[in-house]
Amino acid sequence: MEMKRLTVAVLAATLLPAAAMAGDVEVLHWWTSGGEAKSAAELKKMMTAKGHTWKDFAVAGGGGDNAMTALKTRVVSGNPPTAAQIKGPAIQEWGAEGVLADIDAVAKAGNWDKQLPAVVSNVMKYKGKYVAAPVNVHRVNWLWVNPEAFKKAGATVPKTWPEFFVAADKLQKAGIQPIAHGGQPWQDATLFESVALGVGGADYYNKAFVKLDKATVGGATTVKVFETMAKLKTYIDKGAAGRDWNLATAMVINGKAGMQFMGDWAKGEFTAAGKVPGKDFLCVDAPGTQNAFTFNIDSMAMFQQKSPAAVKAQADLAATIMSPQFQEVFNLNKGSIPARLDTPLAKFDVCAKKSNFDMNAAAKSSKLVPSFAHKMAMPSATEGAMVDVISQFMNSSMTPKQAAERLAKASAVR
Ligand code: GAL
C-alpha cells in the first residue's frame with residue numbers, strides 16, 4: 001500500500017513538468033455555503049487537473065465583508081493571494097494601489113472582448129487592461145417563494161407591494177413566517193435595494209445609488225422606501241438577528257417561511273437540497289421590479305506574483321475561469337448565469353433562463369442597474385456608510401424621514 005502510494009507520487013512528480021510550470025494557486029473567496037462550496041470546488045477540480053496545487057483561502061461571511069478585511073491584511077504584508085473575489089469599483093481601487101496583475105495577454109488570446117458584454121468587461125479592466133476574470137452574473141432582485149406554504153395559507157404570489165402585504169398577512173395568519181431574513185448589514189441592504197427598485201423604479205435607483213445625487217437620496221422616494229422597509233420589519237422574526245443568509249433560505253426550503261428576498265445564489269441552496277424550480281420553489285421578480293435587473297458580477301482579480309511558475313499558474317487560472325466548460329458547470333451550481341456570452345444555456349433551469357432574458361431586456365430599456373449591496377455601484381467607503389444607515393434603521397426606531405436624511409449624508413462619504 002505504502003509502496004503503491006510512493007510510486008504514484010514519483011510518477012506524478014515526473015509527469016508534472018509536462019504540465020508546463022505547475023504552481024500554487026491561492027484563491028480568496030467567501031463561498032462556504034452548500035451551493036457556493038460546490039461551485040468553488042469545480043474551479044479547484046479543473047486547476048488540480050492541470051497539475052496546479054489549489055490553496056483554498058475561504059473566509060466565511062456572506063457578502064464578503066470578512067473576506068475583504070482578510071485580503072487587506074495579506075496585501076499590506078506583501079503576501080497577496082494569486083486571485084481574490086473582488087467586484088465592481090473595488091477592482092479600480094485595488095488597481096490604483098498598483099498591486100493587480102495585467103492579464104491582458106490571456107484575455108487577448110481568449111478573445112475576451114468578444115466573449116463578454118461591455119457592462120461586464122469594463123468592470124474587469126484597469127486603465128484599459130484586464131486585471132480580473134468574471135465568473136458569472138447574479139441577479140439580486142429576486143423573491144424566492146415556497147409554493148406549498150402559499151397554498152396552505154391561501155395566498156397568491158405577489159407582483160406589487162400591496163399584493164405582497166396581502167400575501168404576507170395570509171402567511172402570518174397561517175402560522176408561517178412571511179419573510180425569511182438574516183439581520184446582517186449586507187442582507188438588510190440586499191432587501192433595501194430591491195425595495196428601492198420596486199418602489200422608486202430604475203431611474204430613481206440610478207440617480208440615488210449610482211450617481212449618488214444627494215437630493216434624490218434624501219428625497220421623498222427614499223422616505224417611501226424606508227416606510228416600506230418599516231412595514232417589512234413586522235414580518236421578520238426576532239431570530240433574524242445575525243442569521244446567515246443560507247439559514248434564511250433553509251427556512252423557505254423547509255416551509256417554515258414563505259419568502260426570501262435574495263440574489264440567485266439562494267437558488268444554489270435550493271438546488272443543492274435537491275429542490276426543483278417551478279415545483280418546490282419559485283423565483284419571481286421582487287415586487288414592482290418586473291423588467292428591471294440588479295446585477296452582481298462575481299470576478300477574480302489577479303494579484304502580481306513573483307515567481308514565473310506562479311505567474312504561469314495565474315494565467316492558467318484566468319483562462320480556466322473564462323472557459324465555456326467552467327462557466328457552465330460553475331453557474332449550474334451557483335445559481336447565476338455565465339458571464340461568457342457563448343456559453344450554452346441548454347442545461348440551465350427556468351430561473352436562469354428568465355434571468356438571462358430579463359438581463360437582455362433590461363439592458364435595452366435602461367433598467368439594468370448595478371447592485372450596491374453587492375459592491376457593484378459605488379466606492380467602498382460610500383457603500384459602507386450607506387449600508388450602516390440601512391442596518392441601523394432595521395435595528396432601531398429611527399423614522400423613515402430621519403433615515404433618508406442620514407442616508408443622504410452617507411452618500412457623500414468618499
Ligand atoms: C455575494 C456574492 C455571491 C454570494 C453572496 C453570498 O456578494 O456575489 O457570489 O456569494 O454574496 O455570500
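Residues numbered from 1 in each chain as written. Predicted model: local features only at pLDDT ≥ 70, side-chain atom pairs only at ≥ 80, totals over all residues. Heavy atoms only, no water.

The name given to the protein chain in an unreviewed UniProt entry is Probable sugar-binding periplasmic protein, with the source organism recorded as Vogesella amnigena. One UniProt comment on the protein chain, placed under Function (unreviewed entry), says "Part of a binding-protein-dependent transport system for a sugar." (UniProt positions renumbered as here; feature names shortened; annotations may be inferred.)

Before going further, it helps to examine the packing of helix α2 (residues 34-49) against helix α16 (residues 324-334). One can describe the packing of α2 onto α16 by two numbers: an axis separation of 7 Å at closest approach and a directional angle of 160°. With respect to α16, the axis of α2 lies roughly antiparallel. Crossing angle aside, the handedness with which α2 passes α16 is right-handed. Within the contact between the two elements, α2 uses G35, E36, K38, S39, A40, E42, L43 and M46 and α16 uses Q325, F326, V329, F330, N333 and K334. By residue class, the composition of the contact of α2 with α16 is six nonpolar, four polar and four charged. (Axes fitted to C-alpha atoms, helices over the stretch in contact; angles between N-to-C directions. Helix = DSSP H or I, 4+ residues; strand = E, 2+ residues; numbered from the N terminus. Parallel < 35°, antiparallel > 145°, perpendicular 65-115°, else oblique. Left-handed = near helix turned anticlockwise from the far one by under 90°. Contact = heavy atoms within 4.5 Å. Nonpolar A, V, L, I, M, F, W, Y, C, P; charged D, E, K, R; others polar.)

Right, let's talk about the site of the ligand for a bit. Near the ligand lie 13 residues; those nearest to it are E36, K87, D298, K334 and H374. For the ligand, an oxygen atom lies 2.8 Å from a polar atom in the side chain of K87. In the model, an oxygen atom of the ligand is placed 2.8 Å from a nitrogen or oxygen of the H374 side chain. Of the residues in the shell around the ligand, the class split is four nonpolar, five polar and four charged. (Near = heavy atom within 4 Å. Polar contact = N/O pair within 3.5 Å; in protein donor to acceptor, adjacent residues only side chain to side chain.)

Our next topic: the pairing of strand β13 (residues 299-302). Burial along β13 is two-sided: S299 and A301 and M300 and M302, pointing in opposite directions, are all buried. As paired elements, strand β6 (residues 132-134) and β13 share three bridges and run antiparallel to each other. Residue pairing across strands places P134 opposite S299, the latter belonging to β13. (Buried < 20%, exposed > 50% of the residue type's maximum accessible area, 1.4 Å probe, protein only. Pairing = 2+ DSSP bridges.)

Strand order in the open sheet formed by four strands is β9-β10-β8-β11, and the pairing between neighbours is mixed. This sheet does not close on itself; its edge strands, each paired only once, are β9 (177-179) and β11 (282-285). Between one strand and the next, the sheet's axes are offset by a mean angle of 20°, whatever the strand orientation. By the bridge criterion, four bridges tie strand β8 (residues 142-145) to β11 in an arrangement that is antiparallel. Paired with W142 across the strands is D285, a residue of β11. Contacting β8, β9 and β10 (257-261), helix α9 (residues 161-173) crosses the sheet at an angle of about 145° to β10. Strands in contact with helix α13 (residues 245-253) are β8, β9 and β10; relative to β10, the strand with the most contacts, it is inclined by about 140°.

Our next topic: the pattern of salt bridges. In total, this model carries 20 salt bridges according to the counting rule given. With a shortest N-O distance of 3.1 Å, K354 and D285 are connected by a salt bridge. One end of the pair, K354, is in helix α17 (residues 350-364); the other, D285, is in strand β11, with 69 residues separating them in the sequence. Here D285 falls in the buried class, since its relative accessible area comes to 12%. Taken together, the shared-partner salt bridges connect R139, D285, K354 and D358 into one network. (Salt bridge = Lys/Arg side-chain N within 4 Å of Asp/Glu carboxyl O.)

So, on to the nonpolar core. Formed by 60 residues in total, the largest nonpolar core has its most connected members in L71, I86, W112, M302, F303, L317 and I321. Among residues more than four places away in sequence, those in contact with L317 are V25, V27, L43, M47, W54, T82, A83 and M302. Membership of the second largest hydrophobic core comes to 58 residues, among which are L171, I176, L197 and F226. (Core = buried A, V, L, I, M, F, W, Y, C linked by side-chain atoms within 4.5 Å.)

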